[in-house]
Amino acid sequence: MSDDSGTLRQIRKERERQRIREDILEAALAVFARSGYHNATVEEIARQSGYSTGSLYNYFKNKQDVFTTLVRGVVERMQPRLDREMDAADTFTEGLDAYLQLMGDFASETLAGYRFLLDPDSHEGLASSDLHEFMEDSFWGMVERLRKLVEQGMAEGVLRPQEPTVAAHALIGLATHFAKGLVLPREGQPQLTVELYVQLTRDYYLNGAGAVSRDGGGT
């Protein structure tokens, strides 16, 4: 009986520890989105979380450790959904739309998280050796998945013959660029919706800005 009581206490203790850790990470997300990586401090994160600075150090070594954990969590939450939805696509067009819809939903649903990842100030935190390696692995995993999608598009005759890895890079760049319109709209520019984001990105990827022939028509 005493062994069971000890086990239950340990389970409750671990759950409480996990809850506090998640509270700190949620607070850190708000602080990094508001202040940027460079200006954010452990003290500010602690105040935002409602815990003491000493308590925060019981869970994380320093600001970089908080940032690294936060970024890993943001990326790792997206990966299973990406795999599931793109694997379910039967055609290139369905796969392209699944990827763009995911990127749009992710940016919209995790607005603060996506904003701080796009913030140039975050590059200082992203440059740490462990996090840089993790992000590189994640990026090249995405390139490989999209490379296969491009090859499928060429096989279906939807895309012209081209170097698939370059085309995968182009898709990532275009999707990331348009995502900024969702999370970092400039003053005077219209706020994109996820639906419009998917439409614009798909159109520019498949058709480009177009070229004008000498007679004034499209090429």
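Residues numbered from 1 in each chain as written. Predicted model: local features only at pLDDT ≥ 70, side-chain atom pairs only at ≥ 80, totals over all residues. Heavy atoms only, no water.

A. Examining the overall build of the chain more closely. A tally of regular secondary structure across the chain gives ten helices and zero strands. Ordering the α and β elements of the chain from the N terminus gives α-α-α-α-α-α-α-α-α-α. Surface accessibility of the chain: about 12,800 Å² in total, with carbon and sulfur atoms responsible for 50%. (Helix = DSSP H or I, 4+ residues; strand = E, 2+ residues; numbered from the N terminus. Areas by Shrake-Rupley, 256 points an atom, 1.4 Å probe, with all protein chains shown as cover.)

B. Fine view of the nonpolar core. Formed by 34 residues in total, the largest nonpolar core has its most connected members in Tyr99, Leu100, Leu146, Tyr197 and Tyr205. Secondary structure elements with two or more residues in this core: α4 (63-87), α5 (92-109), α8 (129-155), α9 (164-183) and α10 (194-207). It is α9 that contributes the most residues to this core, ten residues altogether. Setting aside anything within four residues of it in sequence, one finds leucine 100 in contact with Leu171, Ala175, Tyr197, Val198, Thr201 and Arg202. Core analysis: the second largest hydrophobic core is formed by 22 residues, Ala28, Ala40, Ile45 and Tyr59 among them. (Core = buried A, V, L, I, M, F, W, Y, C linked by side-chain atoms within 4.5 Å. Buried < 20%, exposed > 50% of the residue type's maximum accessible area, 1.4 Å probe, protein only. Contact = heavy atoms within 4.5 Å.)

C. Highlighting a negative patch on the surface. Residues Asp130, Glu133, Glu136 and Asp137 make up a contiguous surface patch of negative charge. As for its placement among the helices and strands, glutamate 133 is situated in helix α8. (Patch = residues over 30% accessible without salt bridge, like charges linked within 9 Å, V, L, I, M, F, W, Y side chains within 5 Å. Salt bridge = Lys/Arg side-chain N within 4 Å of Asp/Glu carboxyl O. Lys, Arg positive; Asp, Glu negative; His and termini not counted. Charge placed at Lys NZ, Arg CZ, Asp CG, Glu CD.)

D. View of the side chain of lysine 63. As for its position among the elements, lysine 63 is in helix α4. The contacts of lysine 63, once residues within four sequence positions are left out, are Phe32, Tyr37, His38, Ala40 and Val42.

E. Quick look at the packing of α9 against α10. Orientation of α9 relative to α10, taken along the N-to-C sense of each, is 150 degrees, at an axis distance of 10 Å. Helix-helix and strand crossings are classified by hand; for α9 and α10 the assignment is right-handed. Contacts between α9 and α10 involve Ala167, Ala168, Ala170, Leu171, Leu174, Ala175, Phe178, Ala179 and Leu182 from the former and Val194, Tyr197, Leu200, Thr201, Tyr204 and Tyr205 from the latter. For the contact of α9 with α10, a count of residues per class yields 14 nonpolar, one polar and no charged. (Axes fitted to C-alpha atoms, helices over the stretch in contact; angles between N-to-C directions. Left-handed = near helix turned anticlockwise from the far one by under 90°. Nonpolar A, V, L, I, M, F, W, Y, C, P; charged D, E, K, R; others polar.)

F. Layout of the pattern of salt bridges. Applying the stated rule across the entire model yields ten salt bridges. The shortest N-O distance in the salt bridge between aspartate 23 and arginine 19 comes to 3.1 Å. Taken together, the positions of aspartate 23 and arginine 19, both in helix α1 (residues 2-39) and four residues apart, correspond to about one turn of that helix. The shortest N-O distance in the salt bridge between arginine 81 and aspartate 105 comes to 2.9 Å. With arginine 81 in helix α4 and aspartate 105 in helix α5, this residue pair connects regions lying 24 residues apart in the sequence.

G. Structural context of the environment of phenylalanine 106. With respect to the element layout, phenylalanine 106 can be found in helix α5. Look at phenylalanine 106 and you get buried, because its relative accessible area is 9%. Sequence-wise, phenylalanine 106 and alanine 179 are 73 residues apart; in three dimensions their C-alpha atoms are separated by 9.6 Å.

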